[in-house]
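Per-entry structural report
One letter stands for each residue in the lines below.
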Amino acid sequence: MQANTIIFWNFKEMDESHDIAEKLGFEKISEQTIDEYKSTAVLYKHKKTGAEVMSVSNDDENKVFGIVFRTPPEDSTGIPHILEHSVFCGSRKYPLKDPFVELLKGSLHTFLNAFTSPDRTCYPVASTNVKDFYNLVDVYLDAVFFPKCIEDFQTFQQEGWHYELNNPAEDISFKGVVFNEMKGIYSQPDRILGRVSRQALFPENTYGVDSGGDPKVIPKLTFEEFKDFHRRYYHPGNAKIWFYGDDDPNERLRILSGYLDQFEASSASNESKVQPQKLFSAPKRIIEKYPAGEGEDLKKKHMVCLNWLLSEEPLGLETELALGFLDHLLLGTPASPLRRILLESGLGDAIVGGGIEDELLQPQFSVGLKGVSDSDIQKVEELVADTLKKLAEEGFAPEAVEASMNTIEFSLRENNTGSFPRGLSLMLRSIGKWIYDMDPFEPLRYEKRLQSLKARIAEEGSKAVFSPLIEKFILNNPHRVTVELQPDPDKASHDETVEKEILEKVRAGMTEEDLAELARATQELRLKQETPDPPEALRSVPSLSLQDIPRKPIHVPTEIGEINGVKVLQHDLFTNDVVYAEIVFDMSLLKKEHLQLVPLFCQSLLEMGTKDMDFVQLNQLIGRKTGGISVYPFTSSVRGKVDPCTRIIVRGKAMAGRVEDLFNLMNCILQEVQFTEQQRFKQLVCQNKARMESQLRGSGHGIAAARMDAKLNVAGWIAEQMRGISYLEFLRDLEKKVDQDWDEIASSLEGIRKSLLSRKGCLVNMTADGKNITNSTNFLAKFLDSLPSDPFSETGSWHAQLSSGNEAIVIPTQVNYVGKAANIYETGYQLSGSAYVISKHIRNTWLWDHIRVSGGAYGGFCDFDTHSGVFSYLSYRDPNLLKTLDVYDGTPSFLREIELDDDTLTKAIIGAIGYVDPYRLPNAKGYSSLLRYLRGITDEERERRREEILSTSLKDFKEFADAVEAVKNNGVVVAVASPEDVAVANGERPGFFDVKKVL
């Protein structure tokens, strides 16, 4: 991709394009050049229906399509969310159970999803292959405009909610994918706080209800209301349609006209308009409860958040940009004054609230603390107000303003969206205004507003710019809602009791015939869910052929050189004048007792000061001179080796003219930062503890996966010590130890530094164009010269694993996260590329159908770590526990009995290619090449695995059954689950789980 090439259409081509648009029924509203993103954008309106289309053309091969409907709900039954799930369950042109899954199986998509916001529903998709891209676009358009779900009550039941009764003698339960997803969300304190805050700020408009759905309210939704919502809002006249990339702009309109021409004009756009919330005349206060663990110390478990609605009308883009800078100044970095003062106060463990949020019609500002004592709630509120008042009176330090300016400007110019397609990021930026019938072009431009803001700050001073904003929108704004969240150890069980009583009442109102009919309907739904689609239906979904797939993996240019005895990997790639660098240090020489301090060591390097600079000054210097620096541990098994790969990676980026600053600052944080700030370190411990506790509730599957790995291999054990349950337990002990034995901790942090810093075992990775890499060499050499030649080390053995028993991590939750895993290399399995195809197929068929579709969990998946040999199953927001394990154990039989026609096998192969060789931006190409180098994976091996993937056969599927049989027979189980579900499981299978209570 040559991202520095600007596409200009000559006049003849432009005239022809507009003639074609006219013939296809589109009126050109405006055409503009977006210099910031080297793009030409044309806004069209479909004459017949009023649908608006933004067609953005450039040379980005990662093409993006999105269709967005304004979908403001009137209640919390979750209609927009349930409909977002349901439209993918078959359509007029693609009449199978789940075309979405067929796309997951056999597409080269770089993005494939949909999401529900408080007032809109987005359906975006992306691919680098033009044939694949148009296939995806067609399936999406048919799904949203002509879904089967509006005629199929069983889809509504499956994705939304239904009563489930397997046997007339048993209890009735609620089931539904969205129902269980939202039960998981309503179990997370941070999500509860965010929801309560938004609804309290907007009591009179659509934001005052939950578009995702409240589990207590979802069962009130009827099928008729569901159908009517689609009729009212899923019309072209209520749609904003986005295309982006290097494909033919005329072909985009041809595809669209085939769908849009089937509709007449509609008033849907008028019906869906979001009405603004009127501003309050006085502040309000809300107190809510959240589920806490029984027996948990609740003294410092309160949360408090102050929320302001900033304006009754949408703000201008200039004001929004200034507020964005203000937000970064207040909260954007550890050195930002509002963030720093709140955390240094010791009143709480971590920041809550998202700062400025401007993606809705009216912007809001939220900030607060969690881990607060009941007696300190008022102190937090006063501290927020006093700090903002002081900042309004005194202004910000010039260095802070310069750092924020450079950080935001660097981010805008770099346009590094990670694995998220750039075109989708721009779509979401544009849609934030376009959805409210404002100009869709202006959000894509920043240069003029940025220069204007910089000039204004230079001319008037930053205080004249930012202080009036603080005063007007926050300090003198009466539309403030303070939300206090109180821990309640009885809430989870109370909610379960209420749900049970509702279901008992439903059952009591049924006759024996009614119960028999419900049991029959339950079985009928399950039968439909588990019955495969007929081959002719599956063939209706368009797909690529193997001839469309390149035989070779994506090549990353790599030269291996040496500077001062240190290996340097160099990747000559166009990066728009940004230089990316990773400095890698060997972690294997650390003492075992220092291991769990490593994450805090890494964080301390960036959040403590030096002899000459406090941490605020150092942080500001990094912001002023670079695009950012991060430090973190990396751990992985290496296939065929006993010892794992354990490294510390220092990662940074800067404009080519600032590379000397980048390496000087890397040297500064590594060698000059002093571990002397006891209270600051304690804050970091508290922040990490709060983050881990939040992760337990929201990402229990990740906790379970880490715990299983720790039971199965050394690399897993090391990683779990630094980010799993073991780490949380360590942090809780360390919080007390900081006050009692700080000298020992500081000495250990210094010991880690001495063990790490050395040219021996160091590795450098550079990604930029060749000229900039060459120009960086002298600065890199100077950095490497400053490192000790040999490490100071006292090597200890790291060969440890957790005990292999089944374990239940008990937390207050309404849903479960269930895992099972084993090392299949220990059975003698030899890695083949076919394993990628098979494991992805298991995920998209057997697990999708039985864990999600009929099981009601939000997600079910498997993963094969080809480095360690661990094959694992995981579920996400799952209402089941033992039933899920039974599904996992059914996988070998599924594989032995599987029959695949050529089309299905081809789809599985193509899907695996997209997974193992994804589209990456240049910096990510360089970084992924580094990780392959550390793991000993050569280009020759990549080519061999790709050939094995492309030649996968039915025989490979059946043989793989023997490998995963090891998981069934010898696998270790870890579940993050509710105490009630664990008790039931141990009742059915006595002693199955060792119970570990962590919240």
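Residues numbered from 1 in each chain as written. Predicted model: local features only at pLDDT ≥ 70, side-chain atom pairs only at ≥ 80, totals over all residues. Heavy atoms only, no water.

The following threshold applies: UniProt positions are given in the numbering used here, feature names are shortened, and annotations may be inferred rather than shown by experiment.
Taking an unreviewed UniProt entry as the reference, the chain is identified by name as Presequence protease 1, chloroplastic/mitochondrial-like isoform X1 belonging to Phoenix dactylifera. A UniProt comment under Cofactor (unreviewed entry) is attached to the chain, and it reads "Zn(2+)".

Quick word on the overall build of the chain
What counts is decided by this rule: Secondary structure elements follow DSSP: runs of H or I of four or more residues count as helices, runs of E of two or more count as strands, with numbering from the N terminus. Our radius of gyration looks at C-alpha atoms and nothing else; its globule reference is 2.2 Å times the residue count to the power 0.38. Exposure is judged per residue with a 1.4 Å probe applied to protein chains only, and the accessible area is read against the type maximum: over 50% gives exposed, under 20% gives buried, and values in between give partly exposed. The contact definition used throughout considers only heavy atoms, calling two residues in contact when any of these lie within 4.5 Å. In these tables, accessible area is a Shrake-Rupley quantity obtained with a 1.4 Å probe, and a residue counts as shielded only by the protein chains included in the view. We count Lys and Arg on the positive side and Asp and Glu on the negative side, and we leave His and both chain ends out. Think of each charge as sitting on NZ of Lys, CZ of Arg, CG of Asp or CD of Glu.
Helices and strands together make up the secondary structure of the chain, namely 37 helices and 27 strands. For 999 residues, the compact-globule formula gives about 30 Å, and the C-alpha radius of gyration of the chain, at 28 Å, lands near that figure. Within the span of the chain, comprising 999 residues, buried residues form 61% of the whole. In the chain, the proportion of contacts linking residues at least 24 apart, taken out of those at least 6 apart, comes to 82%. Per element, the accessible surface of the chain, about 38600 Å² overall, is 48% carbon and sulfur. When the 116 basic and 150 acidic side-chain charges of the chain are each reduced to a single mean position, those positions are 2 Å apart.

Points about the packing of helix α3 (residues 99-106) against helix α30 (residues 834-853)
So the rule is basically this: To obtain an axis, a line is fitted to C-alpha atoms, over the contacting stretch when the element is a helix, and the angle between two such axes runs from 0 to 180 degrees between their N-to-C directions. Just so you know how the angles are binned, under 35 degrees is roughly parallel, over 145 roughly antiparallel, 65 to 115 roughly perpendicular, and the rest oblique. Note on convention: near helix rotated counterclockwise from far helix by under a right angle means a left-handed crossing. Clockwise means right-handed. Three classes are used, and their members are as follows: Ala, Val, Leu, Ile, Met, Phe, Trp, Tyr, Cys and Pro are nonpolar, Asp, Glu, Lys and Arg are charged, and the others, Gly among them, are polar.
At their nearest, the axes of α3 and α30 sit 9 Å apart, and the two run at 165° to each other. In terms of their interaxial angle, α3 and α30 are classed as roughly antiparallel. Crossing of α3 over α30 shows left-handed handedness. Residues Phe100, Val101, Leu104 and Lys105 of α3 lie in contact with α30, whose contacting residues are Lys840, Asn844, Thr845 and Trp848. In the contact of α3 with α30, the residues fall into four nonpolar, two polar and two charged.

Description of empty space enclosed by the protein
We count it as follows: Cavities and pockets are found on a 1 Å grid laid over the protein atoms alone: a cavity is a set of points where a 1.4 Å probe fits but cannot escape, a pocket is an open set with protein on both sides within 12 Å along at least five of seven lines, and a lining residue has an atom within 4 Å of such a point. Grid points are joined across faces, edges and corners, and a volume is the space filled by probe spheres set on the points.
Applying the stated criterion to the full structure yields five cavities of 30 Å³ or more. Estimated volume of the largest cavity: approximately 210 Å³. Considering the residues around the largest cavity, the lining is formed by 17 residues, among which Pro189, Tyr290, Lys301, Lys370 and Glu693 are closest to the centre. Counting residues per element, the ones that place at least two in the lining of the largest cavity are α7 (189-201), β12 (302-309), β14 (364-372) and α24 (678-698). Looking at the lining of the largest cavity residue by residue, the class counts come to six nonpolar, three polar and eight charged. Approximately 60 Å³ is the volume found for the second largest cavity. Taken together, Gln158, His162, Glu164, Lys175, Gly176, Thr522, Leu525, Arg526, Gln529, Val853, Ser854 and Gly856 make up the full set of residues lining the second largest cavity. Every element with two or more residues in the lining of the second largest cavity is listed here: β8 (162-164) and α19 (512-530).

What to know about the layout of surface pockets
Considering only enclosed or pocket space, the second largest pocket measures out at about 1200 Å³ in volume. Taken together, 36 residues form the lining of the second largest pocket, with Ser173, Glu496, Pro879, Asp981 and Val984 sitting closest to its centre. At the level of secondary structure, the elements contributing two or more residues to the lining of the second largest pocket comprise β9 (173-175), α6 (177-185), α18 (491-508), α31 (882-889) and α37 (979-988). For the lining of the second largest pocket, the leading source of residues is α18, giving eight residues. Residues that form the lining of the second largest pocket fall into these classes: eleven nonpolar, nine polar and 16 charged.

Things to note about helix α29 (residues 770-785)
Filter applied, for reference: The span you would expect from a helix comes to 1.5 Å times its residue count less one. The seven residues ending at a residue and the seven starting there each receive a fitted axis; the angle between those axes is the bend at that residue.
Compared with the 22 Å implied by 1.5 Å per residue over 16 residues, the 23 Å span of α29 between its first and last C-alpha is a close match. At Thr777, α29 shows its largest kink, close to 40°. The set of residues buried in α29 consists of Asn772, Ile773, Ser776, Leu780, Ala781, Phe783 and Leu784. On its buried side, α29 packs onto β16 (559-563), β17 (566-572), β18 (578-586), α23 (659-671) and β21 (763-768).

Thoughts on the nonpolar core
To keep it simple, the criterion reads: Buried Ala, Val, Leu, Ile, Met, Phe, Trp, Tyr and Cys residues form a nonpolar core when they are joined through side-chain atoms within 4.5 Å.
Counting residues in hydrophobic clusters, the biggest one holds 92 residues, and the most contacted among them are Ile583, Met587, Phe681 and Leu696. Here this core takes eight residues from α23, the largest share from any one element. Once you skip the residues sitting within four places of it in the chain, Leu696 turns out to touch Ile703, Ile725, Leu728, Ile809, Ile811, Val976, Val998 and Leu999. Within the second largest apolar cluster, 87 residues are counted, among which are Val196, Val352, Val367 and Ile457.

Focus on the environment of Leu426
Note that Leu426 resides in helix α15 (residues 422-434). Along the backbone, Leu426 and Leu103 are 323 residues apart, and their C-alpha atoms lie at a distance of 24 Å. Those residues in contact with Leu426, other than ones at most four positions away along the chain, are Tyr37, Trp242, Tyr244 and Leu444.

Some remarks on the pattern of salt bridges
Put simply, the rule is: Any carboxyl oxygen of Asp or Glu within 4 Å of a side-chain nitrogen of Lys or Arg constitutes a salt bridge here.
This model, assessed by the stated rule, comprises 74 salt bridges. Close ionic contact of Glu224 with Lys227 constitutes a salt bridge, the shortest N to O distance being 3.2 Å. Residue Glu224 and its partner Lys227 are located together in helix α8 (residues 223-233), separated by three residues, close to a single helical turn. Under the relative-accessibility criterion, Glu224 is labelled exposed at 52%. The salt bridge involving Arg707 is made with Glu807; its shortest N-O contact spans 2.8 Å. With a gap of 100 residues between them, Arg707 in helix α25 (residues 700-712) and Glu807 in strand β22 (residues 807-810) connect regions that are remote in the sequence. Here the two residues Arg707 and Glu807 agree in accessibility, since each one is buried. A network of salt bridges, in which partner residues are shared, links Glu52, Arg70, Lys240, Lys273 and Asp437.

Focus: helix α17 (residues 462-475)
For α17, with 14 residues, the first-to-last C-alpha span of 18 Å sits near the 20 Å given by 1.5 Å per residue. Among all positions in α17, only Ser462, Val465, Phe466, Ser467, Leu469, Ile470, Phe473 and Ile474 are buried. Buried positions along α17 lie against β12, α11 (317-331), β14, α13 (377-394), α14 (398-414) and α16 (447-460).

What to know about the sheet that holds strand β15 (residues 480-488)
Operational definition: Two strands qualify as a pair provided DSSP detects at least 2 bridges between them.
One open sheet holds the five strands; their spatial order is β11-β15-β12-β14-β13, and the pairing between them is mixed. Each edge of the sheet is formed by a strand with only one pairing partner; in this case those strands are β11 (284-291) and β13 (350-357). In this sheet, neighbouring strand axes are inclined to one another by 15° on average, regardless of whether the strands run parallel or antiparallel. Note: β12 against β14, eight bridges, orientation antiparallel. Across the sheet, Val304 pairs through a bridge with Leu369, a residue of β14.

Remarks on the confidence of the model for the chain
As a reminder, the rule being used: The quantity known as pLDDT measures the predictor's confidence residue by residue, on a range of 0 to 100.
Mean pLDDT for the chain: 94, with 98% of residues reaching 70 or above. A low-confidence stretch, residues 1-14 (pLDDT under 50), is modelled with 23 contacts involving residues beyond four sequence positions or located in other chains.

A word on the environment of Phe441
Take Phe441: it is sitting in the loop between α15 and α16. In this structure Phe441 comes out as buried when scored by relative accessible area, which is 2%. Between the alpha carbons of Phe441 and Val42 there is a distance of 9.2 Å; along the sequence they are 399 residues apart. In contact with Phe441, not counting residues within four places along its chain, are Ser30, Gln32, Ile34, Ala41, Val42, Leu43 and Met54.

Thoughts on the state of the cysteines
What counts here: The term disulfide is used for any two cysteine sulfur atoms that are within 2.5 Å.
A complete count under the given rule lists zero disulfides for this structure. In this model Cys89 remains outside any disulfide bridge; the closest cysteine sulfur is found in Cys149, 7.3 Å from its own.

Some remarks on the sheet that holds β21
Taking strand neighbours across the sheet as the criterion, the six strands line up as β16-β17-β21-β18-β20-β19 in an open arrangement whose pairing is mixed. The sheet terminates laterally at β16 and β19 (628-636), the two strands that pair on one side only. When strand polarity is set aside, the average angle formed by the axes of neighbouring strands in this sheet is 20°. Here six bridges tie β17 to β21, and the two strands are oriented parallel to one another. Paired with Asp572 across the strands is Ala768, a residue of β21. Lying on the sheet, helix α21 (residues 598-607) is in contact with β19 and β20 (645-655); it crosses β19 at an angle near 165°.

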